[in-house]
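The primary structure of each chain is shown beneath.
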Amino acid sequence: MTEIAIDRPESRRMGFFTDTTVCIGCKACEVACKQWNDLPADGAVFRKTSSYDHTGSLSASTWRHVRFVEQTEPVPLPDLPAYGGGNGGHGEVDLVAAAEAHGVPQMDRWLFMSDVCKHCTNAGCLDACPTGALIRTEFETVIVQPDVCNGCGYCVPSCPFGVINRDPYDGRAAKCTLCYDRLEDGLEPACAKSCPTDSILFGPYDELVETAKGRVLALHERGVTDAYLYGAGDEPGEQLAGELGAFFLLTAPPERFGLPAQAESPAQENGPVATAAGLAAAALGLAAAVGAFARAHRR
Amino acid sequence: MEAHPVGSRWAMKARERGAKIIHVDPHYSRTSAISDMHVPIRAGSDIAFLGGLIRHIIETESYFREYVVNYTNAATIVNADYQGPEELEGVFSGFDSGSGTYDRSSWMYEGGEVASAAGQREHSTQAFSDRTGAGMMTGNVRSDETLSDPRCIFQIMKRHYARYTPEMVERICGISEEQFLRVAETLIANSGRERTTMLAYAVGWTQHSSGVQMIRAGSIVQLLLGNIGRPGGGIMAMRGHASIQGSSDIPTLYEILPGYLPMPRANDDDLTLAGYVSGGGSQRGWWSHFDNYIVSLLKAWFGDAATPENGFGFPWLPKISGNHSHYPTMLRAFEGKLDGLLVMGQNPAVGSANAGLQRRALGAMKWLVVRDLAEVETANFWTEAPEDIGTEVFLMPAASHVEKEGHFTNTQRLLQWRDKAVDPPGDARSELHFTHHIAKRVMAHYEDSEDPKDWPLVNLHWPYSEHGSEQEPVVEEVLKEINGYDLETGELVPGFAQLKADGTTSSGCWIYSGCFADGVNQTRRRDPGDLDAPGGSVSPEWGWAWPANRRILYNRASADPDGKPWSERKKYVWWDEEREQWTGYDVPDFPVGKRPDYTAPDDAEGMDAISGDDPFIMMADGRAWLYSPSGLLDGPLPAHYEPYESPVPNHLYPKMGANPAAITWTHAANPIVPPGDDEYPIIASTFRLTEHHTAGPMSRNLPWLSELQPEMFVEIDPQLAAERGIEDGEWMTVVSPRAEIEARAKVTSRVQPLRMGDRVMHQVCMPWHWGAYTSSPQGVTGDAANDLIAISGDPNVSIQESKAFRCDVRAGRRDRATTERQAGTQDVESDHPPEEPKKLSQTDQADFR
């Protein structure tokens with residue numbers, strides 16, 4: 001993990017545990033986030049084949065985003081005429097016979113998942129940032145300092161999750177801050193505060209991980225055997241970006257939610273190369289700084 | 001979940017603790033997604049489904065016998081003249097096919113009659129000129145506690161529901177027999193001494209031509225399983241928005257006064273206070289206190305001017321002469337017979353059935369005052385044709401709920417006070433401010449009038465003080481007036497038990513009396529108490545619930561007839577033999593010192609007529625009514641009738657189609673698809689989205705909400721979409737006889753075609769939040785689903801049938817105005833005045849024979 005930029009005694013790593021099994025897809029988190037952080041609407045666009053998702057993805061102005069995954073199949077119906085003409089059935093399957101053979105046919109699932117910046121232990125965006133705009137806070141979260149960001153955009157392809165983006169109007173990068181301003185005042189982030197079903201839990205990272213592990217066990221006992229944690233509790237070597245500060249409980253493969261099965265900060269993946277490049281950049285930077293200091297000092 | 005995300009917190013908590021959630025809805029919504037079972041019955045087939053449950057519970061002897069025998073009217077013997085749909089091919093005895101109404105006298109208990117001390121209550125065939133006598137009866141009735149007498153209600157029900165077999169449920173509702181049986185077994189397994197089941201519905205369930213009977217059918221299931229008056233049980237009406245419960249407690253409805261006192265009718269009985277009291281009260285049960293409540297209400301309204309000599313001002317109350325609900329009023333406006341209208345926080349141009357007709361009705365008035373948070377379609381409709389519309393429209397900006405103080409009364413009858421957070425912007429004011437200053441000006445105008453008809457305005461008791469630069473009235477003074485005063489001491493009364501009929505007390509709404517007990521605004525309390533203590537979840541010091549801060553009504557039923565809890569697990573209110581009183585976690589809903597073994601003598605009156613094991617004290621016989629001998633206009637038991645506009649025949653009663661007592665307003669501008677018509681083969685239903693609120697003013701004008709659901713859409717199954725060439729995300733048009741609207745297609749397997757016997761039926765589902773105007777440049781607009789829907793009415797409450805109607809769909813956008821097919825209909829006179837809606841007579845249903 002990169003060095004913590006802000007010193008605050010007794011501060012701990014804070015994070016999100018988003019449990020998709022109690023999410024009701026209400027999008028209160030999206031709205032609360034935009035309201036607290038004063039983010040604009042992205043425009044009213046009706047998206048095709050996106051279920052009830054019309055904001056599409058995380059962006060510089062959407063820091064919480066709820067995905068909708070419809071895993072539904074048509075109920076098999078026999079070949080019968082339909083009211084209004086046409087054939088209402090889907091083929092040879094008889095509803096009653098199907099029910100007797102396979103239990104009651106029913107639609108499978110409609111999954112909801114509130115996505116957010118992962119506040120990675122190995123944060124690609126932070127590794128790539130040449131200006132120091134991206135820093136790790138005393139809560140071990142990753143934030144952009146908008147007054148330092150120069151809009152270079154290096155962070156954008158460096159995020160393995162596609163979270164961080166540049167604002168199309170001013171060019172600067174922006175993403176979830178885990179409500180840094182609220183954390184400073186001892187308040188929980190706006191999305192977690194507004195979540196009516198506690199699908200978004202906020203708290204000290206270590207405690208959240210324990211809670212989440214217990215939750216997975218409880219779900220397994222209840223027969224929800226496909227429940228697993230995404231981004232926490234993995235063995236070293238299998239961790240996503242060195243563990244995620246904001247992790248998830250999922251019941252379908254990560255790709256179903258637009259999440260990568262594997263993720264690492266590019267800088268970490270290309271360690272030696274990146275280190276060399278980093279050292280070179282640092283040396284150049286140091287030289288430039290010394291020069292600037294010397295010039296300033298002469299005035 | 002879909003429409004009540006905040007309340008769903010508790011459903012999810014219950015699920016996490018092991019509760020099973022069953023969602024019965026034609027539409028697969030976010031609620032279905034988190035439920036253990038989604039049961040997609042065909043829109044409008046609810047009573048067939050619930051009747052099936054009733055039959056299954058009876059046939060398998062799974063009912064809670066001790067509860068049913070002691071606490072419901074199952075054992076009561078009914079008149080020998082009573083006949084039901086079994087005997088009469090789909091109608092109940094007393095049906096007059098000419099008028100489409102019932103003479104309800106044969107439905108009574110043997111030995112009973114509909115209560116009326118004066119003995120003048122005819123068994124009305126005119127719903128709106130007479131009170132319906134809900135819960136009222138008198139006389140001494142006979143019962144058979146073995147439930148075996150063929151004329152006892154249990155046996156009548158058994159015969160009535162005998163044909164509601166699982167096969168019939170499958171055939172009518174379009175769900176499999178197996179799924180139906182799984183629901184039935186789950187409910188049965190989760191009810192009894194140790195467990196209870198809750199039935200929650202949202203107001204969409206009422207929007208059927210048999211809406212009231214659907215809710216009643218749900219109540220019957222709950223009563224048979226012993227789930228009323230007990231913790232974790234009940235029927236929860238999830239309201240459409242904040243304080244809808246409050247708006248019927250202190251009503252915005254035309255036919256009741258505050259506290260569910262009936263509105264006086266324009267007939268001889270209601271000319272005097274004595275006549276009104278004798279017709280509206282009951283000799284037995286809690287309503288025997290009726291006179292205390294009406295007199296205290298009149299004292300609150302008219303103050304010192306209300307005296308015993310002038311009937312406390314009762315004679316000056318308006319009397320109703322017909323159906324003056326929203327729809328007939330707008331139809332009258334449509335015909336040019338209404339000068340003006342005050343519309344507060346309502347958007348009928350989008351939110352009411354046949355919204356195109358509503359908009360044209362608005363344009364036929366001289367003036368219109370609209371109070372809302374933003375310019376809504378109801379204030380903006382005239383821009384459709386400014387040169388043709390002469391209505392003068394006044395838009396008054398309104399304060400939002402955070403910009404004013406007051407209380408909300410929500411689903412659980414809980415009054416919760418909220419303080420003002422910020423001042424309203426600009427000229428926006430609270431409703432109270434508006435009403436208060438209008439009242440003051442009107443009163444000043446009539447100050448010197450000696451015309452007798454102006455007596456109520458001259459003598460209106462209007463004592464509210466004002467504060468601040470905007471002269472805002474003091475809201476708590478209004479709440480105190482609602483609580484009521486002892487007028488002799490000037491003190492606030494502690495509760496409605498202290499209200500009197502002699503003019504020495506006042507109360508603006510008797511059921512709220514006690515909300516300001518001890519001079520404390522009880523509704524402002526926010527102490528949840530110790531939630532882990534036994535009964536701690538009752539939290540009696542959080543807000544204040546009417547009546548008397550009771551959290552569960554009829555909670556005497558949570559104990560067995562001897563007064564002992566049914567089980568330790570479901571312990572709630574019980575008889576304490578040592579202290580000789582009822583006690584428990586909640587305020588007992590029973591006379592606190594009445595012993596469980598008290599038996600009411602035959603000649604008892606008032607509360608003395610309620611025995612110690614009769615929990616339902618608002619009913620004259622103290623029993624929950626499985627069978628309703630009075631009070632309903634379309635039958636003592638729920639029977640399945642098809643929606644008005646149904647493409648399928650009524651398989652249970654082949655000679656019937658829709659509810660024969662349902663009402664309609666026939667008019668060229670309000671056409672209804674006749675039975676047998678093939679032009680509109682698809683069943684449509686409407687629903688709400690989490691992201692939007694009602695007719696849109698509070699969400700479609702907000703960019704953050706608009707981007708979440710930007711356009712009107714229709715959910716359609718892939719099969720139908722493929723047949724009609726409709727593609728996901730592209731335009732489609734929905735057509736009904738009233739209008740045609742365009743929307744984006746949402747092609748999804750969440751909507752499924754249904755197998756209806758030897759044919760398949762397609763359904764489409766659509767939200768109704770969109771309208772033609774937004775006051776925000778980043779807001780969204782779209783066609784209104786309500787343009788498609790006919791004005792019609794449940795016979796009891798005039799609710800429209802908007803959850804099941806017929807339509808057709810095609811690909812592409814509409815090529816003309818939404819309501820163009822109604823052009824020219826404004827000049828056509830309807831064949832009956834709006835206040836006397838027509839009944840759907842049997843001859844209209846001839847095609848079903």
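On a predicted model such as this, the values are computed, not experimentally measured, just so you know.

**Observations concerning the overall build of chain A**
Along chain A, the regular secondary structure elements total nine helices and ten strands. Residue burial in chain A is summarised as follows: out of 299 residues, 41% are buried. Restricting to contacts in chain A with at least 6 residues of sequence separation, those with at least 24 account for 65%.

**With respect to the interface of chain B and chain A**
Of the residues lining the interface, 49 residues belong to chain B; the matching set on chain A comes to 44 residues. Listing elements by their share of the side of chain B that touches chain A, those giving two or more residues are helix H1 (8–16), helix H2 (30–34), helix H8 (177–189), helix H20 (703–706), helix H21 (718–724) and strand S28 (759–761) of chain B. The element contributing the most residues to the side of chain B that touches chain A is H20(B), with four residues. Across the side of chain B that touches chain A, the residue classes break down as 20 nonpolar, 14 polar and 15 charged.

**Digging into the environment of B:Leu147**
Residue and element names in this part refer to chain B. Checked against the element boundaries, Leu147 lands in the loop between strand S4 (101–102) and helix H6 (153–160). On the neighbour-count criterion, Leu147 (19 C-beta atoms within 10 Å) is partly exposed. Sequence spacing of Leu147 and Leu415 is 268 residues, and the spatial spacing of their C-alpha atoms is 41 Å. Leave out the neighbours within four places in its chain, and Leu147 touches Val69, Ala74, Ala75, Cys152, Phe154 and Gln155.

**Focus on the sheet that holds strand S17 (residues 491–492) of chain B**
The strand order across the open sheet formed by three strands is S17-S16-S18 (chain B), and the pairing between neighbours is antiparallel. Taken across any chain shown, the strands that pair with only one partner, and hence form the sheet edges, are S17 and strand S18 (505–506) of chain B.

**Structural notes on the sheet that holds strand S9 (residues 228–230) of chain A**
Residues and elements named next belong to chain A. Sheet architecture is open: four strands sit in the order S8-S1-S10-S9, paired in mixed fashion. Each of the sheet's edge strands pairs with one partner strand only, and the pair in question is strand S8 (200–204) and S9. For this sheet, the mean inter-axis angle between neighbouring strands, taken without regard to orientation, is 25°. Most of the contacts of helix H7 (residues 205–221) go to S8, to which it runs at about 135°, and overall it touches strand S1 (14–19), S8, S9 and strand S10 (246–250).

**Structural notes on the domain arrangement of chain B**
You can read the domains of chain B as domain 1 (20–114 + 139–189 + 209–223), domain 2 (555–615) and domain 3 (663–848). Each of domain 2 of chain B and domain 3 of chain B has a C-alpha centre, and these two points are 49 Å apart.

**Quick word on the packing of helix H7 (residues 166–173) of chain B against H8(B)**
Residue and element names in this part refer to chain B. Two elements in contact, H7 and H8, have axes separated by 8 Å at closest approach and are oriented at 115°. As H7 packs across H8, the resulting crossing turns out to be right-handed. For the pair formed by H7 and H8, the contact residues are Pro166, Glu167, Val169 and Glu170 on the first element and Glu177, Phe180 and Leu181 on the second. For the contact of H7 with H8, the per-class residue count stands at four nonpolar, no polar and three charged.

Conventions adopted
- Residues numbered from 1 in each chain as written.
- Chains lettered and ligands numbered in written order.
- Predicted model: local features only at pLDDT ≥ 70, side-chain atom pairs only at ≥ 80, totals over all residues.
- Helix = DSSP H or I, 4+ residues; strand = E, 2+ residues; numbered from the N terminus.
- Buried ≥ 20, exposed ≤ 12 C-beta atoms within 10 Å, placed from the backbone.
- Contact = placed C-beta atoms within 7 Å.
- Nonpolar A, V, L, I, M, F, W, Y, C, P; charged D, E, K, R; others polar.
- Pairing = 2+ DSSP bridges.
- Axes fitted to C-alpha atoms, helices over the stretch in contact; angles between N-to-C directions.
- Domains from an automatic or database assignment.
- Left-handed = near helix turned anticlockwise from the far one by under 90°.

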